[in-house]
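Tertiary structure, described
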Amino acid sequence: MIKKCLFPAAGYGTRFLPATKAIPKEMLPILTKPLLQYGVEEAMDADIYTMAIVTGRGKRAIEDHFDRSYELEHQISGTSKDILMKDIREIVLKCTFSYTRQIAMKGLGHAVLTGEVLIGDEPFAVLLADDLCDNVGKSVLKQMSEVYKKFPEHCIVAVEEVPKESANRYGIVEVEPSRESSSIFKVVNMVEKPEIDKVPSNLAIIGRYILMPEIFGVLKTTKPGIGGEIQITDALLTLAKQGKVLAYKFKGKRFDCGSVNGFVEATNYFYDKHDNT
Ligand code: G1P
């Protein structure tokens, strides 16, 4: 059973400046809900109620969002606005949130390692709130936790096919063909943001991982990779070489909300879906 979900949330969100000057990018809303709340709801759908958030300077709004707000709640109590707080109130009551700060931005691998203190010695999920997934039916994390039940002791990365020309924006995996499954594959190689002419496949990692705690030990010895940052992809490659990493082609729709285009696409999609009456 996966009981904890780690949310790396220390990044500056420079692509959204000036909006992210004083507001954490994870708090930018798609309609009325911040990106991070979508992520937390996805974790809850996978029966995870312990949220471990790696934050940084200027991210205090995240802690306030996942807490009671007595004055506001008192003000709107008994009015038609009360209903708007229902979901977040439920989240705050059902989940535990813990935080640690990443002092320096040294990459996703470094952010995950920073979260070790909150996770301890157990398997855990990682969710990047920038990658917003529409939870139709089972959420992506729920699907992955079911895969994990069948293949415990493995790390699992969620993948989707992307056009080769955009593969240099992702961690790309090479997998062993499988006769048993059309969605679960053994990873044999992985590379972070490959050069376009060296792209090994079109299977890109999206921001959902299930990791074994041994990843922390591996991260401690992983050298900075592309961009001079400690990459989770490079650490996972060490485990993939030992046959311990699976790629899971998830069912569902995902939006890259780390880019303005993806953010607008997600906004339009959720607006059309939502009951606008
Ligand atoms: C990170 C990971 C990358 C993954 C991507 C998914 O990159 O390093 O492997 O494909 O998230 O969104 P970032 O988007 O932080 O550059």
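Rules used in this analysis
Residues numbered from 1 in each chain as written. Predicted model: local features only at pLDDT ≥ 70, side-chain atom pairs only at ≥ 80, totals over all residues. Heavy atoms only, no water. 1 Å grid on protein atoms, 1.4 Å probe; cavity = no way out; pocket = protein on both sides within 12 Å on 5 of 7 lines; lining within 4 Å. Points joined across faces, edges and corners; volume = space filled by probe spheres on them. Helix = DSSP H or I, 4+ residues; strand = E, 2+ residues; numbered from the N terminus. Salt bridge = Lys/Arg side-chain N within 4 Å of Asp/Glu carboxyl O. Buried < 20%, exposed > 50% of the residue type's maximum accessible area, 1.4 Å probe, protein only. Arc of directions from axis to C-beta. Contact = heavy atoms within 4.5 Å. Polar contact = N/O pair within 3.5 Å; in protein donor to acceptor, adjacent residues only side chain to side chain. Core = buried A, V, L, I, M, F, W, Y, C linked by side-chain atoms within 4.5 Å. Near = heavy atom within 4 Å. Sits in = over half its atoms within 2 Å of the grid points. Nonpolar A, V, L, I, M, F, W, Y, C, P; charged D, E, K, R; others polar.

Approximately 1000 Å³ is the volume found for the largest pocket. Residue lining of the largest pocket: 37 residues in total, with Arg 15, Lys 25, Leu 128, Asp 130 and Lys 193 positioned closest to the centre. A total of four residues in the lining of the largest pocket trace back to one element, the largest contributor, which is strand β11 (residues 203–211). Each pocket or cavity is described by its volume, and for the second largest pocket that value is around 620 Å³. Those elements that place two or more of their residues in the lining of the second largest pocket are β3 (33–34), α1 (35–45), α4 (86–94), β7 (131–134) and α10 (260–273). Considering every element that reaches the lining of the second largest pocket, the biggest residue donor is α1, with four residues.

Under the definition given, this model contains 21 salt bridges. Linking Asp 47 and Lys 142 is a salt bridge whose minimum nitrogen-to-oxygen distance equals 3.7 Å. Of this pair, Asp 47 sits in the loop between α1 and β4 (50–55) while Lys 142 is found in helix α7 (residues 140–150), placing the two residues 95 residues apart along the sequence. When its relative accessible area of 39% is taken as the criterion, Asp 47 is described as partly exposed.

Before going further, it helps to examine helix α8 (residues 214–221). Listed as buried for α8 are Ile 215, Phe 216, Val 218 and Leu 219. One face of α8 carries all of its buried residues, which in axial projection span an arc of 165°. In this structure, α8 carries Lys 220 and Thr 221 as exposed residues pointing more than 90 degrees from its buried face. In this structure, the buried residues of α8 make contact with α5 (108–114), α6 (116–119), β6 (124–127), β11 and α9 (232–240).

Moving on, we come to the side chain of His 154. By secondary structure assignment, the location of His 154 is in the loop between α7 and β8 (155–161). Side-chain polar atoms of His 154 contact the backbone oxygen of Phe 151, separated by 3.4 Å. Looking at His 154, its side chain comes within polar contact range of the main-chain oxygen of Pro 152, at 3.1 Å. In this structure His 154 touches Tyr 148, Ile 210, Met 212, Gly 243, Lys 244, Val 245 and Leu 246, once residues within four positions along its chain are discounted.

Mapped onto the fold, Glu 160 is located in strand β8. Of the polar contacts made by the side chain of Glu 160, one reaches the side chain of Arg 254; its length is 3.0 Å. Residues contacting Glu 160, with those up to four places away along its chain left out, are Asn 202, Leu 203, Ala 204, Ile 206, Phe 250 and Arg 254.

Below, the discussion takes up the nonpolar core. In terms of nonpolar packing, the biggest core is built from 84 residues, with Leu 211, Ile 215 and Leu 236 touching the most fellow members. Setting aside chain neighbours within four positions, we find Ile 215 in contact with Phe 124, Ile 232, Ala 235, Leu 236 and Leu 239. Counting six residues, the second largest nonpolar core, distinct from the first, contains Val 162, Ala 167, Val 199 and Ala 204.

This brings us to α4. Looking only at α4, the buried set comprises Ile 88, Ile 91 and Val 92. Around the axis of α4, the buried residues are gathered within 95° of arc, so they sit on the same side. Where α4 is buried, its residues contact α1, α2 (60–65) and β5 (96–101).

Bringing unusual backbone geometry into the picture now. Between Leu 17 and the following residue, Pro 18, the backbone shows a cis peptide bond with an omega angle of 10°. Its location among the elements puts Pro 18 in the loop between β1 (4–8) and β2 (29–30). For Leu 31, which is not glycine, the phi dihedral falls at a positive 60°. Structurally, Leu 31 can be placed in the loop between β2 and β3. You can call Leu 31 partly exposed: its relative accessible area is 29%. Positive phi outside glycine occurs at Glu 153, with the angle close to 70°. Among the secondary structure elements, Glu 153 is positioned in the loop between α7 and β8.

As a further point, take the site of the ligand. Around the ligand lies a shell of 13 residues, among which Asp 131, Gly 171, Glu 192, Lys 193 and Ile 205 are the nearest. Between the ligand and Lys 193, the relevant distance is 2.7 Å, taken from an oxygen atom to a side-chain nitrogen or oxygen of the residue. According to the grid-proximity analysis, the pocket containing the ligand is the largest pocket. With four residues, β11 is the single largest residue contributor to the shell around the ligand. Classifying every residue of the shell around the ligand gives six nonpolar, four polar and three charged.

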